[in-house]
Amino acid sequence: EKRGKRQVLVRPNSKVIIKFLQVMQKHGYIGDLEIIDDHRAGKVVVDLVGRINKCGVISPRFDVTLDGIEQLASNILPSRQFGHLVLTTPYGI
């Protein structure tokens, strides 16, 4: 978005990437998703709407207990009213 692009091509594709993009779409950060199945790894075309300031990943993946989620969110997010934290579990995103 900082480069002024309206669409981006995300490849390779996975179920986790699609679910994460659907969460971002639900919160209004991105527009339409077009999933292209080329019988290989696949591709996703994402329409940008200009609302993403920063998007990152926490690496390596940390094990977090249920009572430690609030502390993790306060350490990572810039303020209480700002930002979203997307967690993956064995039961989904």
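What you see is a predicted model; the values in this text were computed from it and never measured.

K.L.:
I'd like a rundown of the overall build of the protein chain, residues and numbers included.
P.N.:
Summing up its helical and strand segments, the protein chain has 2 helices and 3 strands in all. The order of helices and strands in the protein chain, counted from the N terminus, is β-α-β-β-α. Counting only C-alpha atoms and orienting by the principal axes, one finds that the protein chain spans roughly 40 × 30 × 20 Å. Within the protein chain, the fraction of its 93 residues that count as buried is 14%. Considering only residue pairs separated by 6 or more positions, the protein chain has 50% of its internal contacts joining residues 24 or more positions apart. Carbon and sulfur atoms provide 52% of the accessible area of the protein chain, an area that totals close to 8,000 Å². If you average the places of the 14 positive and of the 9 negative side-chain charges in the protein chain, the two averages end up 6 Å apart.

K.L.:
Run through the packing of aromatic side chains, naming residues and quoting values.
P.N.:
What describes a pair of aromatic rings is the distance from one ring centre to the other and the angle between the planes of the rings. Under the definition given, this model contains 0 aromatic pairs. Sitting over the ring of Tyr29, Arg51 keeps its end group 5.0 Å from the ring centre.

K.L.:
Could you give an account of the nonpolar core, with specific residues and numbers?
P.N.:
Within the largest apolar cluster, 7 residues are counted, these being Ile18, Leu21, Met24, Ile30, Val44, Val46 and Leu48. Sorting the residues of this core by element identifies α1 (15-26) and β3 (43-48) as the ones contributing at least two each.

K.L.:
Let's hear about the layout of surface pockets: which residues, and what values?
P.N.:
Reported here for the largest pocket is a volume of approximately 1,800 Å³. Along the walls of the largest pocket sit 44 residues, with Phe20, Cys55, Gly56, Val57 and Val86 positioned nearest its centre. Of all the secondary-structure elements, those providing two or more residues to the lining of the largest pocket are β1 (7-10), α1, β3 and α2 (69-76). The greatest single-element share of the lining of the largest pocket, amounting to 6 residues, is contributed by α1. Here the residues of the lining of the largest pocket are counted per class, giving 29 nonpolar, 8 polar and 7 charged.

K.L.:
Requested: an account of the sheet that holds strand β2 (residues 30-36), with residues and values cited.
P.N.:
In space, the 3 strands of this open sheet follow the order β1-β3-β2, with antiparallel pairing throughout. In this open sheet, the two edge strands, each paired with only one partner strand, are β1 and β2. Here the average twist between neighbouring strands, direction ignored, is 20°. Across 5 bridges, the pairing between β2 and β3 is antiparallel. From the neighbouring strand, Ile36 faces β3, where its bridge partner is Lys43. Lying over the sheet, α1 contacts β1, β2 and β3, oriented at roughly 155° with respect to β2.

K.L.:
Can you lay out α1 for me, pointing to particular residues and giving the numbers?
P.N.:
Since the α-helix turns once every 3.6 residues, residues separated by three or four places project in the same direction. For α1, spanning 12 residues, the distance from its first C-alpha to its last is 16 Å, which sits close to the expected 16 Å at 1.5 Å a residue. Looking only at α1, the buried set comprises Ile18, Leu21 and Met24. One side of α1 carries all its buried residues, which in axial view fall inside an arc of 120°. Facing away from the buried side of α1 by over 90 degrees, the exposed positions are Lys15 and Lys26. In this structure, the buried residues of α1 make contact with β2 and β3. Backbone geometry just after α1 places Gly28 at a positive phi near 85°.

What counts and how
Residues numbered from 1 in each chain as written. Predicted model: local features only at pLDDT ≥ 70, side-chain atom pairs only at ≥ 80, totals over all residues. Heavy atoms only, no water. Helix = DSSP H or I, 4+ residues; strand = E, 2+ residues; numbered from the N terminus. Buried < 20%, exposed > 50% of the residue type's maximum accessible area, 1.4 Å probe, protein only. Contact = heavy atoms within 4.5 Å. Areas by Shrake-Rupley, 256 points an atom, 1.4 Å probe, with all protein chains shown as cover. Lys, Arg positive; Asp, Glu negative; His and termini not counted. Charge placed at Lys NZ, Arg CZ, Asp CG, Glu CD. Phe/Tyr/Trp six-rings, centres within 6.5 Å; stacked < 30°, edge-to-face > 60°. Lys NZ or Arg CZ within 6 Å of the ring centre and 35° of its normal. Core = buried A, V, L, I, M, F, W, Y, C linked by side-chain atoms within 4.5 Å. 1 Å grid on protein atoms, 1.4 Å probe; cavity = no way out; pocket = protein on both sides within 12 Å on 5 of 7 lines; lining within 4 Å. Points joined across faces, edges and corners; volume = space filled by probe spheres on them. Nonpolar A, V, L, I, M, F, W, Y, C, P; charged D, E, K, R; others polar. Pairing = 2+ DSSP bridges. Axes fitted to C-alpha atoms, helices over the stretch in contact; angles between N-to-C directions. Expected span 1.5 Å × (residues − 1). Arc of directions from axis to C-beta.

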